[in-house]
Amino acid sequence: MDINSPDHEQDAQFFARRRLTMWPRRDQSSALTVLFWALRLYVVVMLAIVVIVVRRAAG
Amino acid sequence: MSEPPHAVLAPEDIQRARDRQAIEQSRGRGFIGLRMLMLVLGPGVLVFLGENDAPSMLSYAATGAQFGIGFFLPFVLVTFAIAWVVQEMAARVGLATGQGHAQLIFARFGRFWGGFAMLDLIAGNFLTLVTEFIGIRAGLGFFGVAPVVAVAGTLAVMALAISTARYRRWEQMTLGLALGNAIFLPVALLAHPSLPAIGQALLRWGPLPGGFKPSSVTLMIADIGATVTPWMLFFQQGAVTDKGLTLRDLPSVRLDILIGSVLAALFAMAAIVATAPLFAHGISAGNFQAAQFAEALQPYVGPIGASLFALGIFEAGLVAAITIATASAYAFGEVIGHAHSLNNRLRDGWLFYGVLLGSAVLAGLLTLLPGAPLEEIVILVNVVATLAMPPALLFLLVMVNDRALMGAARNGVLGNVVGIGVTVFLIGCGLAFGASVVAPSWFN
């Protein structure tokens, strides 16, 4: 395998460009924001329940 | 999107280009593309065998011991089918963009939501890493190995794996270790299982012995968390990116994920079958830890079977410690913009390698603290993983439908129906778990 071939150089450039590409922030709909908040609340409540289970097991 | 016209090459780009050439040269050569598949194979198998970790194998063992095989063998198959769908989407995002999961979440959703995703990942990963070291300690403890030697030995293996500064060598070494998960197959055989009973369990989904009780709901959630967890998304996307795979490799990557899920399902079912004699003989195994399972199994699988079981728990912990610490390091490097590739030289990627090894050192040291009440969290770690999964899936679903990121590779209708269905199912499981704790009378 020739790592100095043009193909290799092109491939390496391709990977470097992909790695350094900056994606802009997407427009987030309010429905999606509500969904994110709802799932965040879900995680917090569920973790509180896990803490209850751990305390019961320890006690 | 801002793409640099002519980027400065880093060593990782050159290594990826080299791997790319090897894949392209093998395309269409050899028996039914087997040579190319062998080059692409890795991230999918590793992520699934990595997730068959110490707490997962203990969850499966507890499942077999408490409920036998009737309900849980087909249940585990379903959970692995779910995991295939999820991992395929994560891999596809990586193939299309060439960027890691955390990096894209921060870019597309901003620091606020990205911070939450990272918080879930880092907390979950660290908790899981601790339980891997508990499994490693317990597995080797069965052979009389001192805890400090077990922890130090594991850290030495991790350091050896990354010392090559080459993704492919790291992957080959970790894959070699991961295939040791097959050790649960001989343990299952030594338990003299009834093949017709296994066949019947798989073909006719039996009822849950004793019905849905809080303890059975917890084990069900733990078994789901043993197959789908947030770190798997970050690792899958990071690994296909680090390996230099592109959308041209999608069919092979799908096969890689399928092989990983089938192998992991087989080994998980072997753990259930191996401990089913405890259920058949009415031995209560609700609070068993690794070494206790091995000791309790000895009358049914013999000393060799018990030793293999203990060795299997150690191996599961070791491979998971490597892959989970790597997932944390990928995410950390992506977010802070530091070099984050196993193709980087140690001095270029010192922060990446530092997070990888540092998180493992910290988790290992925690398990050496005398009197630390860590045993209780082993099964619960998988429950926490299941509970943290819905927000992670929402990020994934939005990204895999993002036209700008994915182009023609974005999700179709079927992919979305399945993806949304899995998310709703996991939320339902979490709510059922919550109800079983807050209102246990509903389940009796």
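The structure under discussion appears in the preceding block.
Residues numbered from 1 in each chain as written. Chains lettered and ligands numbered in written order. Predicted model: local features only at pLDDT ≥ 70, side-chain atom pairs only at ≥ 80, totals over all residues. Heavy atoms only, no water.

Colleague: What's the story with the pattern of salt bridges in this structure? I'm lost.
Modeller: When the charged atoms of two side chains lie near each other, side chains of opposite charge can form a pair. All names here are of chain B. Summed over the entire model, instances satisfying the criterion amount to 16 salt bridges over all chains. Among the salt bridges present, the one from Arg16 reaches Asp242, with a minimum N-O distance of 2.9 Å. With Arg16 in helix α1 (residues 11–26) and Asp242 in helix α12 (residues 230–242), this pair connects stretches of sequence that are 226 residues apart. An identical accessibility class is assigned to Arg16 and Asp242; each is buried. For the salt bridge of Arg108 with Asp402, the shortest nitrogen-to-oxygen distance reads 3.0 Å. With a gap of 294 residues between them, Arg108 in helix α6 (residues 101–141) and Asp402 in the loop between α16 (377–400) and α17 (403–406) connect regions that are remote in the sequence. Pair check on accessibility: Arg108 and Asp402 agree, each one buried. (Salt bridge = Lys/Arg side-chain N within 4 Å of Asp/Glu carboxyl O. Helix = DSSP H or I, 4+ residues; strand = E, 2+ residues; numbered from the N terminus. Buried < 20%, exposed > 50% of the residue type's maximum accessible area, 1.4 Å probe, protein only.)

Colleague: I would appreciate a short explanation of the packing of helix α2 (residues 30–58) of chain A against helix α18 (residues 413–438) of chain B in the present structure.
Modeller: For any two helices packed against each other, one specifies the inter-axial angle together with the distance between the axes. One can describe the packing of α2 of chain A onto α18 of chain B by two numbers: an axis separation of 10 Å at closest approach and a directional angle of 40°. The two elements α2 of chain A and α18 of chain B meet at a crossing, and its hand is left-handed. Seen from α2 of chain A, the contacting residues are Leu39, Tyr42, Met46, Ile49, Val50, Ile52, Val53 and Arg56 of chain A; seen from α18 of chain B, they are Leu426, Ile427, Gly430, Leu431, Phe433, Gly434, Val437 and Val438 of chain B. Of the residues in the contact of α2 of chain A with α18 of chain B, the class split is 13 nonpolar, two polar and one charged. (Axes fitted to C-alpha atoms, helices over the stretch in contact; angles between N-to-C directions. Left-handed = near helix turned anticlockwise from the far one by under 90°. Contact = heavy atoms within 4.5 Å. Nonpolar A, V, L, I, M, F, W, Y, C, P; charged D, E, K, R; others polar.)

Colleague: Looking at this model, I keep getting lost on the interface of chain A and chain B. Mind explaining?
Modeller: Often, the extent of an interface is quoted as the loss of accessible area on bringing the components together. Tallying the contact residues gives 42 residues for chain A and 59 residues for chain B. Taking both partners together, chain A and chain B bury about 4700 Å²; carbon and sulfur atoms supply 67% of that area. For the chain A face of the interface with chain B, the top three residues by lost area are Arg18, Arg19 and Trp23 of chain A, together amounting to 17%. Counting the contacts that link chain A with chain B gives three salt bridges. Taking the shortest distance from any N to any O, the salt bridge between Arg19 of chain A and Asp13 of chain B comes out at 2.7 Å. Where chain A packs against chain B, one counts twelve residue pairs in polar contact (both at pLDDT 80 or more). For the side of chain A that touches chain B, the secondary structure elements donating two or more residues are α1 (6–20) and α2 of chain A. For the side of chain A that touches chain B, the element with the most residues is α2 of chain A, which contributes 18 residues. (Buried area = accessible area lost by both parts, 1.4 Å probe. Polar contact = N/O pair within 3.5 Å; in protein donor to acceptor, adjacent residues only side chain to side chain.)

Colleague: I would appreciate a short explanation of a nonpolar patch on the surface in the present structure.
Modeller: Residue and element names in this part refer to chain B. Side chains of Leu255, Leu258 and Val262 sit close together on the surface and give an oily, nonpolar patch of about 240 Å² of accessible area. Tracing the backbone through its elements, the reader meets Val262 in helix α13 (residues 250–280). A residue is classified by how much of its surface remains accessible, and Val262, at 49% relative accessible area, is partly exposed. (Patch = residues over 30% accessible without salt bridge, like charges linked within 9 Å, V, L, I, M, F, W, Y side chains within 5 Å. Areas by Shrake-Rupley, 256 points an atom, 1.4 Å probe, with all protein chains shown as cover.)

Colleague: So what exactly am I meant to see when it comes to the side chain of Ser252 of chain B here?
Modeller: Mapped onto the elements of the fold, Ser252 of chain B is located in helix α13. Residues in contact with Ser252 of chain B, not counting those within four places in the same chain, are Met36, Leu37 and Val40 of chain B.

Colleague: Just to check I follow, could you spell out the environment of Ala270 of chain B for this structure?
Modeller: Residues and elements named next belong to chain B. Looking at the secondary structure, you find Ala270 in helix α13. For Ala270, a relative accessible area of 4% translates into the label buried. Considered as a pair, Ala270 and Ala191 are 79 residues apart in the sequence and their alpha carbons are 10.0 Å apart. When residues no more than four places from it in sequence are discounted, the contact partners of Ala270 are Phe184, Leu185 and Ala188.

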